[in-house]
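A structural walkthrough
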Amino acid sequence: MHNSKTGSSIDSFKTERVSKIVIGNSIPALIAMIMVMVYNLADTFFLGLTHNDLQVTAVSFATPLFMIFMSLGTLFGVGGTSVISRALGAGDTERAKKTSSFCFWACVAVGALFMVLLWGFLDKVTVMLGAGDESAGLTKEYLRIAIGCGIFSMISNCFSSIVRTEGEAMKAMTGTLIGNLINMILDPVFILGFKWGVAGAAIATVIGNGVAALYYILYFFNGKTALSIHPRHFSVKNGIPGGVIAVGVSASLANLLVSVSTIVVNAQLAKYDGGDMLVAGYGVTAKIIMIVTLIGIGIGSGVQPFIGYCWGARQKDRLTEGIRFSALFGVVFCFAVSALCFIFAEPIVKVFLTDVTALDAGVRFSRILLSTAWLIGAFAICQNTLQAIGAAADALLASVFRQGIIFIPAVFIMQALIGLNGLIWAQPVADILSLALVILMLARRIRKADFTAAETVNE
């Protein structure tokens, strides 16, 4: 049963002004995403202070693999959020409770499995990532330790989304904030103070993720939640696993495809003269683009519980108003940040890199990608809305289209046409085409929906 605090948080979805709900839920999610961004930049920044750009290169090679855990956590987090928010909107609190417990224990089991597999094949994985002779040892050193936070990373990524389904956006943000702050505090101590380099960055990552996961676990023991992670509520009946995975796989696949596409681009860059430094430059570029990307994701994930609730409660007017307002909010915010990053690209890149080749590549690559990065705000809102309403197939198609069907072929086609820069221009092409697709799919889904009928849980 709800206690009064939890109930009032959810009831705000019914009565509060839509713009206030969107901003109120988006800002904490935005802050959490910004903290993720800062924490990602921190590793690169403090490793850059060692004046060994190969350490930056090593983390650039390792990051796509580490993102697998984040992707798996996102699978259960986004899928669980969709099922739980629609269940709460329909008044089915028992289903919400069972879903949250399923997501927690799935994170533990799947995280443990992937940790063992990655440790067992670490040498082969390092080669697969494209690390060259100079950077392979450092890449392996980072991964050997960082893989240890797999379960923690999955739990923190999953429940930073699920906690928001109860209207507890601030508490959802706090876990991410605490974990990232600890990571950033430990980075300079381990990397520079103890002179542990990439190993220090990895240890800080493990500790930060561990503390964040512990925060979310303790959240469920304070008795002020309608959800649960207790084993007695774990259930694989009534379509819970299918409902979670069907929706969550689109968000997870989006992150996995970002990892795959980064590996593809890194491997292609490594073939050019000065390849390791080009990879270092692209690695810093990815961090800069992450600033805009995480803002878009933050707004999209912040509004997702409200959208799911309105869909479950069959409130068409509030649903469409929420989509319009959040899309406008996302585009304006992302455009402003993209413009600032474009203008100050050179001084930003100089903070992380000293090698002339790496620095030139970082500035050039950043400005190419920033030309369309601001569209990520609108794309994230539309995709999160598809996930929130349970449109699993559409959300999956949008993910595959952006980073797979369009992007990866475009890398090779545009590289053949215009060389090195063509590798980078492939992303703006994918951004534009995928946004057009996701807008069409969302408009079609809402137009055909029957808002007079009871909500169907598994669509």
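Keep in mind the model is a prediction, meaning the values are calculated, not measured.

So, about the overall build of the protein chain. Assigned secondary structure in the protein chain consists of 17 helices and zero strands. The principal-axis extents of the C-alpha atoms in the protein chain amount to approximately 60 × 45 × 35 Å. Among the 459 residues that make up the protein chain, the fraction classed as buried is 61%. Looking at the protein chain alone, contacts between residues at least 24 apart form 84% of all its contacts between residues at least 6 apart. Both charge centroids of the protein chain, one from 31 positive and one from 25 negative side chains, sit 9 Å from each other.

Moving on: the packing of helix H10 (residues 240–269) against helix H16 (residues 392–418). Remark: H10 packs on H16, axes separated minimally by 7 Å, with the N-to-C direction vectors making an angle of 10 degrees. As far as their axial angle goes, H16 and H10 are roughly parallel. Of the residues assigned to the contact of H10 with H16, the class counts are 19 nonpolar, seven polar and no charged.

Inspection of the secondary structure puts Asn183 in helix H8 (residues 169–193). The class for Asn183 is buried, based on a relative accessible area of 1%.

Core analysis: the largest hydrophobic core is formed by 115 residues, its most contacted members being Phe76, Tyr142, Leu143, Phe159, Leu269 and Leu353. No other element matches helix H3 (residues 53–89), which puts 17 residues into this core. Those residues in contact with Leu353 that sit more than four places away from it in its chain are Asp53, Val56, Ala280, Gly281, Val284, Ala358 and Leu359. Counting residues in hydrophobic clusters, the runner-up holds 28 residues, among them Phe306, Tyr309, Leu375 and Cys382.

This part takes up the packing of aromatic side chains. This structure, assessed with the given rule, holds 16 aromatic pairs. Ring geometry for Phe45 against Phe46: centres 5.0 Å apart, planes inclined by 75 degrees, an arrangement best described as edge-to-face. Aromatic pair Phe329 and Phe333: ring centres 5.9 Å apart, planes at 70 degrees, arrangement edge-to-face. With Phe329 and Phe333 both in helix H12 (residues 316–343) and four residues apart, the pair spans about one turn of that helix. Chaining the aromatic ring pairs together yields one cluster made of Phe104, Trp105, Phe159, Tyr219 and Phe220.

Moving on, we come to unusual backbone geometry. Unlike most non-glycine residues, Lys195 shows phi in positive territory, near 60 degrees. A relative accessible area of 70% places Lys195 in the exposed class. In the Ramachandran plot, Asn238 falls in the positive-phi region, its phi being about 55 degrees despite a non-glycine side chain. Considering the arrangement of structural elements, one finds Asn238 in the loop between helix H9 (197–219) and H10.

Now for the pattern of salt bridges. As enumerated under the stated definition, the model contains six salt bridges in all. When the shortest N-O distance is used, the salt bridge between Lys140 and Asp123 registers 2.7 Å. Of this pair, Lys140 sits in helix H6 (residues 133–146) while Asp123 sits in helix H5 (residues 122–128), and the two are 17 residues apart along the sequence. The residue Glu346 makes a salt bridge to Lys350 at a minimum N-O spacing of 3.4 Å.

What follows is about the packing of H12 against helix H14 (residues 356–373). Where H12 meets H14, the axes come as close as 9 Å, and the angle between the chain directions of the two elements is 165 degrees. When the interaxial angle is binned, H12 and H14 end up roughly antiparallel. Handedness of the crossing formed by H12 with H14: left-handed. Seen from H12, the contacting residues are Ser338, Cys341, Phe342 and Ile343; seen from H14, they are Arg367, Leu370 and Ala373. Residues of the contact of H12 with H14, tallied by class, amount to five nonpolar, one polar and one charged.

Further remarks concern H6. For H6, spanning 14 residues, the distance from its first C-alpha to its last is 21 Å, which sits close to the expected 20 Å at 1.5 Å a residue. Within H6, the full set of buried residues consists of Ser135, Leu138, Thr139, Tyr142, Leu143 and Ala146. When H6 is viewed along its axis, its buried side chains cluster within an angular range of 135 degrees and face the same direction. Where H6 is buried, its residues contact helix H2 (18–48), H3, H5, helix H7 (150–162), H9 and helix H11 (275–312).

Position of Ser261 relative to the elements: it lies in helix H10. Counting along the chain gives 20 residues from Ser261 to Pro241, while the straight-line C-alpha distance between them is 28 Å. Apart from the residues lying within four places of it in its own chain, the contact partners of Ser261 are Gln403 and Phe407.

Considering the arrangement of structural elements, one finds Phe104 in helix H4 (residues 93–120). Accessibility expressed as a relative area gives 7% for Phe104, which makes it buried. Considering only alpha carbons, one finds Phe104 and Met154, 50 residues apart in sequence, at a separation of 9.0 Å.

Okay, the confidence of the model for the protein chain next. For the protein chain, the average pLDDT comes to 86, and 96% of its residues sit at 70 or higher. Mean pLDDT per element in the protein chain: helix H1 (residues 4–15) is the minimum at 59, and H4 is the maximum at 95. Within the model, pLDDT remains below 50 along residues 1–8, and this stretch shows 13 contacts once partners closer than five positions in the same chain are excluded.

About the thresholds
Residues numbered from 1 in each chain as written. Predicted model: local features only at pLDDT ≥ 70, side-chain atom pairs only at ≥ 80, totals over all residues. Heavy atoms only, no water. Helix = DSSP H or I, 4+ residues; strand = E, 2+ residues; numbered from the N terminus. Buried < 20%, exposed > 50% of the residue type's maximum accessible area, 1.4 Å probe, protein only. Contact = heavy atoms within 4.5 Å. Lys, Arg positive; Asp, Glu negative; His and termini not counted. Charge placed at Lys NZ, Arg CZ, Asp CG, Glu CD. Axes fitted to C-alpha atoms, helices over the stretch in contact; angles between N-to-C directions. Parallel < 35°, antiparallel > 145°, perpendicular 65-115°, else oblique. Nonpolar A, V, L, I, M, F, W, Y, C, P; charged D, E, K, R; others polar. Core = buried A, V, L, I, M, F, W, Y, C linked by side-chain atoms within 4.5 Å. Phe/Tyr/Trp six-rings, centres within 6.5 Å; stacked < 30°, edge-to-face > 60°. Salt bridge = Lys/Arg side-chain N within 4 Å of Asp/Glu carboxyl O. Left-handed = near helix turned anticlockwise from the far one by under 90°. Expected span 1.5 Å × (residues − 1). Arc of directions from axis to C-beta. pLDDT = per-residue confidence, 0-100.

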